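Residues per chain are reported as follows:
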Amino acid sequence: MQGDALALSADTLALSADALALLADALALSADALALSADALALQGIAKFNSLRINEMLY
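> Please clarify how the overall build of the chain should be interpreted in this entry.
Across its full length, the chain holds one helix and zero strands. For a compact globule of 59 residues, the expected C-alpha radius of gyration is about 10 Å, and the chain comes in at 25 Å, more than 25% above that figure. Along the first, second and third principal axes, the C-alpha atoms of the chain reach 85 × 10 × 5 Å. Within the span of the chain, comprising 59 residues, buried residues form 0% of the whole. Element-wise, carbon and sulfur atoms account for 70% of the exposed surface of the chain, whose accessible area totals about 5,300 Å².

> I tried to follow a nonpolar patch on the surface on my own but got confused; where do I start?
Together, Ile54, Met57, Leu58 and Tyr59 give the surface a local cluster of nonpolar side chains, amounting to about 570 Å² of exposed area. For leucine 58, a relative accessible area of 61% translates into the label exposed.

> Before we go on, may I ask you to explain the environment of serine 16 in this structure?
With respect to the helices and strands, the residue serine 16 is situated in helix H1 (residues 2-58). By relative accessible area, which is 35% here, serine 16 ends up partly exposed. Expressed as a C-alpha distance, the spacing of serine 16 and leucine 43, which sit 27 residues apart in the sequence, is 40 Å.

Reading the values: the criteria
- Residues numbered from 1 in each chain as written.
- Predicted model: local features only at pLDDT ≥ 70, side-chain atom pairs only at ≥ 80, totals over all residues.
- Heavy atoms only, no water.
- Helix = DSSP H or I, 4+ residues; strand = E, 2+ residues; numbered from the N terminus.
- Rg over C-alpha atoms; globule rule 2.2 N^0.38 Å.
- Buried < 20%, exposed > 50% of the residue type's maximum accessible area, 1.4 Å probe, protein only.
- Areas by Shrake-Rupley, 256 points an atom, 1.4 Å probe, with all protein chains shown as cover.
- Patch = residues over 30% accessible without salt bridge, like charges linked within 9 Å, V, L, I, M, F, W, Y side chains within 5 Å.
- Salt bridge = Lys/Arg side-chain N within 4 Å of Asp/Glu carboxyl O.

In structure tokens:
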């Protein structure tokens, strides 16, 4: 009986470790997504600026 409880505790700890590893991966992916969003906004700003400059040259 006590052996079963210890085995369950070990399994619970292993699952907790796996969950923490997955959480760390999710946080890293979220950080990457935020960086990509910032890059996309910067590129949109550059594109808008270039578009305005082209329009000025055409008209």
